[in-house]
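# Chains, contacts and geometry: an overview
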Amino acid sequence: MSQVLQSQYSGQRVDTGSKWYTLFQKGVELGTWNVEKLFDEIGFEQDRASWEALSQDERDQIRYLISGFLDGEREVAGDAATNLQRIMGAPCLDENTEKEMYMTMLTLTEHKHTQFLDVYMQEVMDDQDNYNDLDPRRGTRIPVVQATGLGEVFEHQGLLTAKAANTLNPVDIAKAATNYHLNVEGILARVGASAISRFPERADFPLLNYAFKFVSTDEGRHITHGIELLKELIEKEEAGNPQFQGVKQGIVETLYQDVPYMADFGYMFTDALDDPLGLDFNEVLMRGGNLIDGMYNETLGLDIDYMEVLNVVRDRYLEINEWDIKQRVHEQEQHYQRKRGVAADGGV
Amino acid sequence: MGGSEMALDRELRELARGAEFTATDEEVDRAIEEAAEELGESPESVRENVAYIMDSTFEEEGVSTSFNEMVSGTSLEDDVSSTGDPRLEALEMYKLRQRI
Ligand SMILES: [Fe+2]
Ligand SMILES: [Fe+2]
């Protein structure tokens, strides 16, 4: 891929033939949509009117779905800016310069996704889920994320990306990229987006819909990056490079580690609330299976039995279905409110 | 369009496990021409961006399951507020992006 330039300074030149250069450039062209201008262009009115017209249960269902996104976007933005940016300079990877350039675009778009959600939840929804003032870096998550296993996936992301940034080891990088780009962006974000597409007519949220189509377009490039990065690592493993042995196994392991908790996301915006909008847990599950097959098997050439994966998910479903989610969320909210009280009293 | 030397593919491909094409090729061509006129860009450049929004991968034949779930993924078929065709939807997004 990176051809040309025999000069000893070639590492400092930008290779405009690199795939990552293309991703960067298309990120500049398509990914710099302006969140504030989108608010002005579409306006909040219709979304507010639709929100007001829904029942409390329907609103809770949308709140849980969007909350999962808010926490996820915040988390990916933070890990991209720090850990992933560092990983892009790893000596075991090619095209470091272009990868580093691209990562700045990925980070920028993730912060815009967070910006959109933070403002939107405040302007349109009841804004009752955002406890970011308590600082997520000290363990504050959205109540429903904390109360389910979804937080485990994000926790895992923090651990895997930090480890890879520290060791710059190919197998660690493969695991981090699998959790981040395949499981979080490639599966969680896409099944969540597909649920937004399935909102019934009475849940008409044009601003949310347009914003998420921009988010979805950005995520398309992010997933492309993840796939290309993993392909590079797999190719080097298959070429027999000793340092890269274990890459494919690491990818598969990471899927199996995350997948039961990923199911919690689907559960929390469907059956946890008796699904008044008809978003359908089984539909979510089948969609997830399809996406796993598409990325892991078709594109990366691995051999995942995704029906077996779905069985892991179904077992988890039976477990979580016994929980009283509303009660757990309520307890989490109370916990945060006590913390807020302490902060207001001058505590730290 | 800027400097990427990688010749980007302008073919608008239906993805095997993505959203189905519902408009005719003529309708899409006309919509692209009109958008180009409106934006003051060449139809080729608009088409290239529509293709890229639908599929940003480097796969020769594209991927079967779209990476852009809400625009060219099967989700679009459930989206009652959309144009219903992934090419027209990507074009809508491109036009909106150029405005904001
Ligand atoms: Fe994002
Ligand atoms: Fe992303």
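In case you missed it, the structure is sitting above this.
Here's what I pulled together on the structure shown here. Keep in mind that what you see is a predicted model, and the values were worked out from it rather than measured.

All right, on to the packing of helix α1 (residues 25–39) of chain B against helix α3 (residues 86–99) of chain B then. Residue and element names in this part refer to chain B. Between α1 and α3, the shortest axis-to-axis distance is 10 Å and the interhelical angle comes to 5 degrees. Regarding the angle of α1 to α3, the classification is roughly parallel. Residue-level contacts link Asp25, Val28, Ala31, Ile32, Ala35, Glu38 and Leu39 of α1 to Arg87, Leu88, Leu91, Tyr94, Lys95 and Gln98 of α3. Residues of the contact of α1 with α3, tallied by class, amount to 8 nonpolar, 1 polar and 4 charged.

So, about the nonpolar core. Residues Ile66, Phe116, Phe212 and Tyr296 of chain A are the most contacted members of the largest nonpolar core, which totals 135 residues. The element best represented in this core is helix α8 (residues 170–197) of chain A, accounting for 15 residues.

Listed by partner, the interface residues are 49 residues for chain A and 38 residues for chain B. Between chain A and chain B lies a buried interface of about 3,800 Å² when both sides are counted; carbon and sulfur atoms form 57% of it. Seen at the junction of chain A and chain B, the total is 7 salt bridges. The shortest N-O distance in the salt bridge between Lys213 of chain A and Asp79 of chain B comes to 2.8 Å. One can count 21 residue pairs in polar contact (both at pLDDT 80 or more) joining chain A with chain B. Every element with two or more residues in the side of chain A that touches chain B is listed here: α1 (19–30), α2 (35–42), α8, α9 (206–238) and α11 (281–299) of chain A. The dominant element in the side of chain A that touches chain B, judged by the number of residues it contributes, is α9 of chain A, at 15 residues. Classifying every residue of the side of chain A that touches chain B by side-chain character gives 17 nonpolar, 16 polar and 16 charged.

Further remarks concern the coordination of the iron ion (ligand 1). Residue and element names in this part refer to chain A. Taken together, the protein donors to the iron ion (ligand 1) comprise Glu73 (OE), Glu110 (OE), His113 (ND1) and Glu219 (OE), at separations of 2.0 to 2.3 Å. Given 4 donor atoms and angles of 84 to 160 degrees at the metal, the environment of the iron ion (ligand 1) is assigned as irregular. Between the two metal centres, the iron ion (ligand 1) and the iron ion (ligand 2), the spacing is 3.5 Å, with Glu110 acting as a shared donor. Pair noted here: Glu73 is in helix α4 (residues 56–87) and Glu110 is in helix α5 (residues 96–123), with a separation of 37 residues, a long-range link. The burial state of Glu73 is the same as that of Glu110; both residues are buried.

The subject of this paragraph is the coordination of the iron ion (ligand 2). Residue and element names in this part refer to chain A. Only Glu110 (OE), Glu185 (OE), Glu219 (OE), Glu219 (OE) and His222 (ND1) from the protein coordinate the iron ion (ligand 2), and they sit 1.9 to 2.5 Å from it. Positions of the donor residues of the iron ion (ligand 2), expressed as sequence spacing, correspond to E-x74-E-x33-E-x2-H. When its relative accessible area of 2% is taken as the criterion, Glu185 is described as buried.

Quick notes on the rules
For every chain, the first residue of the written sequence is number 1, and numbering continues from 1 onward in sequence order. Both sets of labels track the order of writing: A upward for chains, 1 upward for ligands. Totals for whole chains, interfaces and linings use all residues, but because this is a predicted model, local features are given only for residues with pLDDT of at least 70 and pairs of side-chain atoms are given and counted only at 80 or more. For the side-chain quantities, the full set of heavy atoms in the structure was used; hydrogens and water were omitted. To get an axis, fit a line to the C-alpha atoms, keeping to the stretch in contact for a helix; angles then go from 0 to 180 degrees between the N-to-C directions. Working definition: helices are DSSP H or I runs of at least four residues, strands are E runs of at least two. Numbering for both runs from the N terminus. Angles below 35 degrees are treated as roughly parallel, those above 145 as roughly antiparallel, those between 65 and 115 as roughly perpendicular, and all remaining angles as oblique. Contacts: residue pairs with any heavy atoms within 4.5 Å of one another. All residues other than Ala, Val, Leu, Ile, Met, Phe, Trp, Tyr, Cys, Pro, Asp, Glu, Lys and Arg, Gly among them, are scored as polar; the first ten of these are nonpolar and the last four charged. For our purposes a nonpolar core is just a set of buried Ala, Val, Leu, Ile, Met, Phe, Trp, Tyr and Cys residues, chained together by side-chain atoms within 4.5 Å. Here's how the labels work: a residue is buried when its accessible area is under 20% of the maximum for its type, exposed when over 50%, partly exposed in between, all with a 1.4 Å probe on protein chains only. When two components associate, each loses some accessible surface as probed by a 1.4 Å sphere; the sum of these losses over both components is called the buried area. The working definition used for a salt bridge is a side-chain nitrogen of Lys or Arg within 4 Å of a carboxyl oxygen of Asp or Glu. Whenever two N or O atoms come within 3.5 Å, that pair is a polar contact, provided that in protein one can donate a hydrogen and the other can accept it, and provided that, for residues adjacent in sequence, both atoms are side-chain atoms. A 2.8 Å cut-off from the metal defines N, O and S donors, relaxed to 3.2 Å for Na, K and Ca; water is not in the atom list, so some sites may appear incomplete. Sites are called tetrahedral only when four donors show all angles between 85 and 135 degrees, square planar or octahedral only when four or six donors show opposite pairs over 155 degrees and all other angles between 65 and 115, and irregular in any remaining case.

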